[in-house]
Each structure stands twice: as structure tokens, then as C-alpha cells.
Amino acid sequence: DGPTHQSIEHAASLRLIPNLDVWRPCDTVETLVAWTAAIESNRRPSALLLSRQNLPYAPKPRFETGGVDAALADIGKGAYVLAEPGEVGLDAPPRAVIIATGSEVALALNAQQQLALPEHGRIPVRVVSMPSTTVFDRQSEPWKRAVLPPGVARIAVEMGATHGWWKY
């Protein structure tokens, strides 16, 4: 990204290339998973879209409680539940899901915190990090429904072209 171009606009076009796994990780852990997937893949090439700006680590509850292998496997499926309403003090099922990728994941986590405040209606929101739409699209229907439950409002957050996000 810079003053003469916005490379994020290329993400949508790269996702249209058949058999190309496109990763847009939000932090070092997601980058590690994306890099590992790219190195281990012998069936398709990968593109890792990284930010030049410093991105904060996005806390991963399963990772923090010792479920490192399970957390890494979840990330490797292209999308996973990063934060539930309980992590911001709301004991209710999500009324909405914010799906974000790359540098926008931090924005989604902040929005979840803001929506949990009394002055904003204490709206329970799930945050899903989707570092790879192309990998997520190949997952089983039960996994997709577990991450993005049917009947719950959803919003996708990514700077750039909106093409492709309609399907989530």
C-alpha cells in the first residue's frame, strides 16, 4: 500500500485465479500457518498478501488455553472463530458475525468490543478471521456452518473491492 497504488485492490483479482490459494493473514500466527500451507502444498500455488504496517497480535482463545494444534488447524481451514461474545462479557449467542481479513481483523475486534457496550445496545457479536477465502471455500459444509452459522446477520470487512464477499 502506498501513495501511488493500493495493493489491497489486487486481493479480489487474485482470488479469481483458479487453483491459487490467496492468504491475507492478520498477524504472525496466521502468517506462519499461511507460509506452512504454501510450502507444504504440491497441488496449487499460494499468494501471501502481507501488510507493510505493524499489525497487532490477535488473541486466539484456543491458542491461549493450550489448544495450539487445534487452533493452528482451525486457521489452516481458511476461516475460524476468533472471538465469541463471551470474550467481551456477553453471555448470549451471537446476533451478528463480523468476518474480517488481514489488517481489518483488528478493526473487527474493536467493533465487537464497542457493540458490547451498554450505550451501543450490548449486541453479542462473533468475530471470524478469514485469512483465506479460497481455502475456506473448500471446507466441509459442517465446518462452514460452524464458523458462519445460518440465520445470523453477517458483515464482511476488507479494504478494497467487495467482489466475492457476497457469498458469505
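Here the structure is a predicted model, which means the values were calculated and not measured. Within any chain, residue numbers begin from 1 and follow the written order of that chain's sequence. For this predicted model, a pLDDT threshold of at least 70 governs which residues receive local features, and a threshold of 80 or more governs which side-chain atom pairs are given and counted, while totals over whole chains, interfaces and linings are taken from all residues. Values shown for side chains rest on all heavy atoms present in the structure; no hydrogens or waters enter the calculation.

This next bit is on the nonpolar core. Among the nonpolar cores identified, the biggest contains 31 residues, and Ile99, Met130, Phe136 and Leu148 are the most heavily contacted of them. The helix and strand labels rest on DSSP assignments: H or I over at least four residues marks a helix, E over at least two residues marks a strand, and numbering proceeds from the N terminus. Of all the elements in the fold, those that place two or more residues in this core are α2 (28–40), β3 (80–83), β4 (96–100), α5 (104–115), β5 (125–129), α6 (133–136) and α7 (141–147). The leading source of residues in this core is β4, at 5 residues. With residues near it in sequence (within four places) discarded, leucine 148 still touches Val97, Ile99, Arg126, Val128, Met130, Phe136, Arg154 and Tyr168. Take the buried Ala, Val, Leu, Ile, Met, Phe, Trp, Tyr and Cys residues and link them wherever side-chain atoms come within 4.5 Å; each set so joined is a nonpolar core. Under the scheme applied here, a residue whose accessible area is under 20% of the maximum for its type counts as buried, over 50% as exposed, and between as partly exposed, the area being computed with a 1.4 Å probe on protein chains only. We call two residues in contact whenever any of their non-hydrogen atoms come within 4.5 Å of each other.

The next subject is the confidence of the model for the chain. Here pLDDT means the predictor's own confidence in every residue, given as a number from 0 to 100. Residues of the chain with pLDDT of at least 70 account for 93%, and the chain-wide mean is 91. Taken element by element, the chain is modelled with least confidence in helix α3 (residues 61–64), mean pLDDT 70, and with most confidence in β4, mean pLDDT 98.

A word on unusual backbone geometry. Phi angles above zero are rare outside glycine, and asparagine 19 is one such case at about 65°. Relative to the helices and strands, asparagine 19 resides in the loop between α1 (9–15) and β1 (21–23). Note on asparagine 19: relative accessible area 52%, which makes it exposed. If you check the backbone angles, arginine 122 has positive phi at about 50° while not being a glycine. By secondary structure assignment, the location of arginine 122 is in the loop between α5 and β5.

Looking at the element boundaries, glutamate 158 is found in the segment after β6 (153–157). In protein, a polar contact means a hydrogen-donor-capable atom and an acceptor-capable atom, both N or O and within 3.5 Å, with residues adjacent in sequence counting only if both atoms are side-chain atoms; elsewhere, any N or O pair within 3.5 Å suffices. A distance of 3.4 Å separates a polar atom in the side chain of glutamate 158 from a polar atom in the side chain of arginine 24. Here the side chain of glutamate 158 touches tryptophan 165 through a polar contact of 2.8 Å, side chain to side chain.

Using protein atoms alone on a 1 Å grid, points that fit a 1.4 Å probe yet trap it form a cavity, whereas open point sets bounded by protein on both sides within 12 Å along at least five of seven lines form a pocket; residues with an atom within 4 Å of a point count as lining. Grid points are joined across faces, edges and corners, and a volume is the space filled by probe spheres set on the points. Quantified by volume, the second largest pocket comes out at close to 210 Å³. Forming the boundary of the second largest pocket are 15 residues, of which Arg62, Asp74, Tyr80, Val81 and Leu82 lie nearest the centre. Contributing elements (two or more residues each) for the lining of the second largest pocket: α3, α4 (68–75), β3 and α7. Sorting elements by how many residues they give to the lining of the second largest pocket places β3 first, with 4 residues. Under the grouping applied here, Gly and all other residues not named as nonpolar or charged are polar, the nonpolar ones being Ala, Val, Leu, Ile, Met, Phe, Trp, Tyr, Cys and Pro and the charged ones Asp, Glu, Lys and Arg. Residue classes in the lining of the second largest pocket are distributed as 10 nonpolar, no polar and 5 charged.

Think of it this way: a Phe, Tyr or Trp ring, Trp meaning its six-membered ring, pairs with another when their centres are within 6.5 Å, and the plane angle makes it stacked under 30 degrees, edge-to-face over 60, tilted otherwise. Taken as a whole, this structure holds 2 aromatic pairs when the rule is applied. Ring geometry for phenylalanine 136 against tyrosine 168: centres 6.0 Å apart, planes inclined by 55°, an arrangement best described as tilted. Of this pair, phenylalanine 136 sits in helix α6 while tyrosine 168 sits in the segment after β6, placing them 32 residues apart in sequence. For phenylalanine 136, a relative accessible area of 1% corresponds to the buried category. The exposure class assigned to tyrosine 168 is buried, which follows from its relative accessible area of 11%. Look at NZ for Lys and CZ for Arg. If either is within 6 Å of the ring centre and within 35 degrees of the ring normal, a charge sits over the ring. It is lysine 77 that lies over the ring of tryptophan 143; its NZ or CZ is 4.0 Å from the centre.

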